[in-house]
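Below, each chain spelled out in residue letters.
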Amino acid sequence: MTGVTKAAASLAAAPAALALPVVGAVSFVHLLNDLIQAVLPAIYPMLKQQYLLSFAQIGLITLIFQITASLLQPAVGFYTDKHPKPGLLPLGMVFTLLGLAMLSMVNSFSMLLLASAMIGLGSSTFHPEASRVARMASGGRYGLAQAVFQVGGNAGSALGPLLAALIIIPRGQGSIGWFCLFAIVGIIVLQRVSRWVIASHATAHKHSSVVADNGLSPRQTKQALLVLALLVFSKYVYMTCLSNFYTFYLIEKFAVSVADSQLFLFLFLAAVAVGTVIGGPVGDRIGRKPVIWVSILGAAPLTLLLPYSNLFGVAVLTVLIGLVMSSAFSAIIVFAQELVPGNIGMISGIFYGMMFGFSGIAAAVLGIVADATSITYIFKLCAWLPLLGMLAVWLPDMRRSGAH
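Residues numbered from 1 in each chain as written. Predicted model: local features only at pLDDT ≥ 70, side-chain atom pairs only at ≥ 80, totals over all residues. Heavy atoms only, no water.

A.B. asks: How should I be thinking about empty space enclosed by the protein in this particular structure?
C.D. replies: Any empty space left between atoms is shown by rolling a water-sized probe over those atoms. For the coordinates displayed, the defined rule picks out one cavity of 30 Å³ or more. Roughly 570 Å³ of internal volume is contained in the largest cavity. If you go around the largest cavity, you meet 33 residues; those closest to its centre are Gln 66, Ser 157, Tyr 236, Ser 243 and Leu 269. Considering every element that reaches the lining of the largest cavity, the biggest residue donor is helix H2 (residues 20-42), with seven residues. Taken together, the residues of the lining of the largest cavity sort by class into 17 nonpolar, 14 polar and two charged. (1 Å grid on protein atoms, 1.4 Å probe; cavity = no way out; pocket = protein on both sides within 12 Å on 5 of 7 lines; lining within 4 Å. Points joined across faces, edges and corners; volume = space filled by probe spheres on them. Helix = DSSP H or I, 4+ residues; strand = E, 2+ residues; numbered from the N terminus. Nonpolar A, V, L, I, M, F, W, Y, C, P; charged D, E, K, R; others polar.)

Given below as C-alpha cells:
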C-alpha cells in the first residue's frame, strides 16, 4: 500500500514522459478494431445482392451497429473514470471477435443485424478506455497522442475496404472468418497494455491530476460542448454519406465495378488517416480552435463541388475532403477533454458515442432518402453540412482561459 502511495505521489509531482510504445499499441489495436468495423460497409454491395436488401435495410444495418457502438460509450467512460478497469480493453475485442465470427456464418437479415450489434458492442467497450489510456501515456502532448490513437482507427478504416475487395468479394461471406485473426491479435496486445496501466500506476496519476479547472464558467463550458456536438454532427453525417454510400454513388453515376469502387473508397479513407496525423500535432502547436475552424468550414467548397464533377474530379475532391475534414476529430476530442478535465473517459465516450450515433442515424435516414430519390441527391443534400463549421466562432480560446 505504501509503495502504491509513493508511486502516485511521484507521478503527481511531475508529468510522466510520453510513453510512445503504449500510445502506439492502443493505436495499433484501434487500427485492427476499425479495420474489422470497416469490413461491414465494404461488403454492403455483396450483401445487398446476396440478400436482396434495399438501401433502407443497408442503412438499418449501419444504424444497429452504430447505436450499439454509441449508447454504452459514455456509461463505460463514466464508470472507468471512477473505477478504472484496464481489463475492459481486451474484453471489448472479445465482443468484436464474436460478432465477426457470426458475420461470416449468418444467413438471414435478422442475424446480420445481431452480428452488427456485437461488433458495435465491442467498439463501445474499447474506445473510451483506450482513449483515456492514450491520454495517460501522452506526457502532456495530448493532441499528438489522440492523433496517433485516432490515425490507427482511420488507417484501419482505410484498409478494411481494400482487404474486403481482395479477400471477401472474390471468395464470399465465409472468408470474413479470416479477419478473426486480427481480433485475436488485438486481444493479445490489449492484455499487455492492461498490465502496463496497472504496473505504472497510471490510474493513480489520473486521479492526482483531475483537480485542474478549465478556467470557464459553467455556462461557457456548456455552450462550448454544444458547439462541439454540432460540429461532430456536421462532420460525421457527411463522412457517413461518403463512407457508406460512396461506392454506390460511383457504381450508379460512373458505372465502375464493385472492386474498383472499393479502391476509390480506400483512397478517401487513406486521406482521412493522413489528415488525422496532421491535425493533432498542429492543434498542440497553434491551438484546437483554429484547426477545428479550418477543417470543417474549409471543406465546404469541396463538398459543394463534388456532385457536379467527373470521375477524376470526384476522386481528387474526396481525397482533399478526407485530408481537410479528418484533421478536426483529435482536436475536438482534446478540446472536449480540456473542457471537462475531471472526466476524461466519460467525455471521450460521449464524443465517440456521438460520432457513432450520428453516423448510424444518418446512415438509416440517408438510405431511406436514397431509396425515395437517388444516391446523387443525398450527396447534393449533405454537401451543405460543412457550412456548420461557422459555429466554431463561438468556441472559447482555451489558451486564454488557462487550459493546456
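A.B. asks: Teacher, can you tell me more about the environment of Ile 296 here?
C.D. replies: Looking at the secondary structure, you find Ile 296 in helix H12 (residues 288-297). Note on Ile 296: relative accessible area 0%, which makes it buried. The spacing of Ile 296 and Pro 386 is 90 residues in sequence and 5.5 Å in space, taken between C-alpha atoms. Residue contacts for Ile 296: discarding those within four places in its chain leaves Leu 231, Ser 234, Ala 328, Ile 332, Pro 386 and Gly 389. (Buried < 20%, exposed > 50% of the residue type's maximum accessible area, 1.4 Å probe, protein only. Contact = heavy atoms within 4.5 Å.)

A.B. asks: Sorry if this is basic, but what is going on with the packing of helix H10 (residues 218-254) against helix H14 (residues 311-326) here?
C.D. replies: Packed helices, taken two at a time, are described by the angle their axes make and the gap between the axes. One way to put it is that H10 packs onto H14 with a least axis distance of 12 Å and a crossing angle of 165°. For the element pair H10 / H14, the angle class is roughly antiparallel. Both H10 and H14 take part in a crossing whose hand is left-handed. Along the contact surface, H10 presents Lys 235, Tyr 238, Met 239, Leu 242, Tyr 246, Tyr 249, Leu 250 and Phe 254, while H14 presents Leu 311, Val 314, Ala 315, Thr 318, Ile 321, Met 325 and Ser 326. Residues belonging to the contact of H10 with H14 are distributed by class as follows: 12 nonpolar, two polar and one charged. (Axes fitted to C-alpha atoms, helices over the stretch in contact; angles between N-to-C directions. Parallel < 35°, antiparallel > 145°, perpendicular 65-115°, else oblique. Left-handed = near helix turned anticlockwise from the far one by under 90°.)

Any functional reading would require information beyond the geometric quantities listed.
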